Amino acid sequence: MACFQKRSGAWRAIVKRKNYPITTRTFDSKAQAEVWARGVEEEMDRGVFASRTEADNTTLAEALARYRKEVSSQKRGAVQEVSVITALTASALGRQTLGSLQGKALAQYRDALLSEGYSPITIKRRFAILSHLYKIAAQEWGMGELVNPVPRVSIPRIQNARDRRLVDDELPRLLVAATAYGGDIGPLTIWAIETAMRRGEIAAMRWEHLDRRARVLLLPETKNGTPRRVPLSTAALGVLDGLPRQLDGKVWGMRPDSISQAFERVCKAAGIEGLTFHDLRHEATSRLFEQGFNPMEVATITGHKTLQMLKRYTHLRAEDLAARMK
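An account of the accompanying structure is given in this report. Everything numeric here is computed off the predicted structure, so don't read it as measured data.

Overview of the overall build of the protein
Part 1 of the reasoning: Tallying secondary structure elements over the protein gives 15 helices and six strands in all.
Part 2 of the reasoning: Within the protein, buried positions represent 41% of all 326 residues.
Part 3 of the reasoning: When contacts within the protein are restricted to residue pairs at least 6 apart in sequence, long-range pairs at least 24 apart make up 61% of them.
Part 4 of the reasoning: Approximately 18600 Å² of the protein is accessible, and the part contributed by carbon and sulfur atoms is 52%.

Here we look at the sheet that holds strand β3 (residues 23–27)
Part 1 of the reasoning: Strand order in this open sheet of three strands is β1-β2-β3, and the pairing throughout is antiparallel. Sheet topology places β1 (2–7) and β3 at the edges, where each strand pairs with a single neighbour. Averaged over all pairs of adjacent strands, the angle between strand axes in this sheet comes to 20 degrees, irrespective of strand direction.
Part 2 of the reasoning: Looking at chain direction, strand β2 (residues 10–15) and β3 are connected through five bridges and run antiparallel. Paired with Arg12 across the two strands is Thr26, which belongs to β3.

Topic: the sheet that holds strand β5 (residues 216–219)
Part 1 of the reasoning: Spatially, β4-β5-β6 is the arrangement adopted by the three strands of the open sheet, whose pairing is antiparallel. Each edge of the open sheet carries a strand with a single partner, namely β4 (210–211) and β6 (228–231).
Part 2 of the reasoning: One ladder, built from four bridges, connects β5 with β6; its direction is antiparallel. Residue pairing across strands places Leu219 opposite Arg228, the latter belonging to β6.

Topic: the pairing of β1
Part 1 of the reasoning: Note: β1 against β2, six bridges, orientation antiparallel. Paired with Phe4 across the bridge in β2 is Ala13.
Part 2 of the reasoning: Counted between consecutive antiparallel strands, the loop separating β1 from β2 contains two residues, among which Ser8 sits at a positive phi close to 50 degrees.

A closer look at the packing of helix α7 (residues 170–181) against helix α8 (residues 185–195)
Part 1 of the reasoning: The interhelical angle for the contact between α7 and α8, taken along N-to-C directions, is 145 degrees, at an axis separation of 7 Å. Facing α7, whose interface residues are Leu171, Leu174, Leu175, Ala178 and Tyr181, α8 presents Ile185, Gly186, Thr189, Ile190 and Ile193.
Part 2 of the reasoning: Looking at the contact of α7 with α8 residue by residue, the class counts come to eight nonpolar, two polar and no charged.

Re the packing of α8 against helix α12 (residues 279–290)
Part 1 of the reasoning: Running from N to C, α8 and α12 cross one another at 40 degrees; their axes reach a closest spacing of 6 Å. The angle between the axes of α8 and α12 places the two elements in the oblique class. The segment α8 lies against α12, with Thr189, Ala192 and Ile193 engaging Leu280, Ala284 and Arg287.
Part 2 of the reasoning: Its residues assigned to classes, the contact of α8 with α12 shows four nonpolar, one polar and one charged.

Observations regarding the nonpolar core
Part 1 of the reasoning: Residues Trp191, Ile202, Met205, Leu232, Leu240 and Trp252 are the most contacted members of the largest nonpolar core, which totals 37 residues.
Part 2 of the reasoning: Counting residues per element, the ones that place at least two in this core are α7, α8, α9 (199–203), β5, α10 (234–241) and α11 (256–270).
Part 3 of the reasoning: Residue contributions to this core peak at six residues, all from α11.
Part 4 of the reasoning: Those residues in contact with Leu240 that lie beyond four places of it in its chain are Trp191, Met205, Trp207, Leu210, Leu232 and Val251.
Part 5 of the reasoning: Within the second largest apolar cluster, 30 residues are counted, among which are Tyr109, Ile129, Ile136 and Ala137.

Let's talk about the side chain of Arg126
Part 1 of the reasoning: By the secondary structure assignment, Arg126 is in helix α6 (residues 120–140).
Part 2 of the reasoning: Excluding residues that lie within four positions of it along the chain, Arg126 makes contacts with Val84, Ala87, Leu88, Tyr109, Leu113 and Tyr118.

Concerning the side chain of Glu41
Part 1 of the reasoning: Note that Glu41 resides in helix α1 (residues 30–46).
Part 2 of the reasoning: Buried and unpaired, Glu41 has no salt bridge, with Arg17 as the nearest side chain of opposite charge at 4.7 Å.
Part 3 of the reasoning: Those residues in contact with Glu41 that lie beyond four places of it in its chain are Met1, Ala2, Val15 and Arg17.

Conventions and cut-offs
Residues numbered from 1 in each chain as written. Predicted model: local features only at pLDDT ≥ 70, side-chain atom pairs only at ≥ 80, totals over all residues. Heavy atoms only, no water. Helix = DSSP H or I, 4+ residues; strand = E, 2+ residues; numbered from the N terminus. Buried < 20%, exposed > 50% of the residue type's maximum accessible area, 1.4 Å probe, protein only. Contact = heavy atoms within 4.5 Å. Areas by Shrake-Rupley, 256 points an atom, 1.4 Å probe, with all protein chains shown as cover. Pairing = 2+ DSSP bridges. Axes fitted to C-alpha atoms, helices over the stretch in contact; angles between N-to-C directions. Nonpolar A, V, L, I, M, F, W, Y, C, P; charged D, E, K, R; others polar. Parallel < 35°, antiparallel > 145°, perpendicular 65-115°, else oblique. Core = buried A, V, L, I, M, F, W, Y, C linked by side-chain atoms within 4.5 Å. Lys, Arg positive; Asp, Glu negative; His and termini not counted. Salt bridge = Lys/Arg side-chain N within 4 Å of Asp/Glu carboxyl O.

Treat this as a map of the structure, not an account of what it does.
This is the structure in structure tokens:
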């Protein structure tokens, strides 16, 4: 038989039955507690009850700490993921237990983030980690009865397609400003346009992966998790020929975030607005099509898995296409 206790404005439901562990959970209202208790008793009657004790006694903050140690630490993007985990831990969600967290609370959290100016992609990243945490907890942490609340909440549509390309005299202005800025950012800019490589792939480049005779660079680790061989143009090889060798074997001495920061400063110095380092990948991909490469050839160079993904990064100029029409 279930009993209910009022504690500090909340209601605690307690279900006691012979041959079953005492099961408890706290709710905002007595009505919610009664509904939950009836559900537990019905499961016991049918013989399908699974204890929720651990899930109901583990806060999201505690679960996130374990997830960070056991799961995030094994990922290539651990640094970025830790910052997301820190934000989730500090939120109001962090104080709720895994068993009590419901879609309503997630929807309120989503709306609060939107009102504070956070983008849909930020919300998607946070919810993705939450969803994976629930999956791990259910499959590997012995909380098989745990229900993932994330799929019950809608996420705002992400409008992140970009069509920004270099126009007019932006490239020479960019290179002049990069030369004045110094360091690797000038050669990095040319390299990105010549290879269509991602920022992280560029930062991770090593000399030992360069096959100078074959004019190919091996990328053992990519965003897609699949090794890729990037063919190199004469201009790309020229960039490498002008670089000094570092003792650690890396081609570049900049981290991914440092590359973006330097590029942003160079754009500002050059008077160029609305251009990001990632836009150079758009530029490079579009140039490959303009050189006459077919979609399969371009995908081999850029590493895009599907034509739809490739389309997002390809922006051909109508005037260039018109010049080729009879």
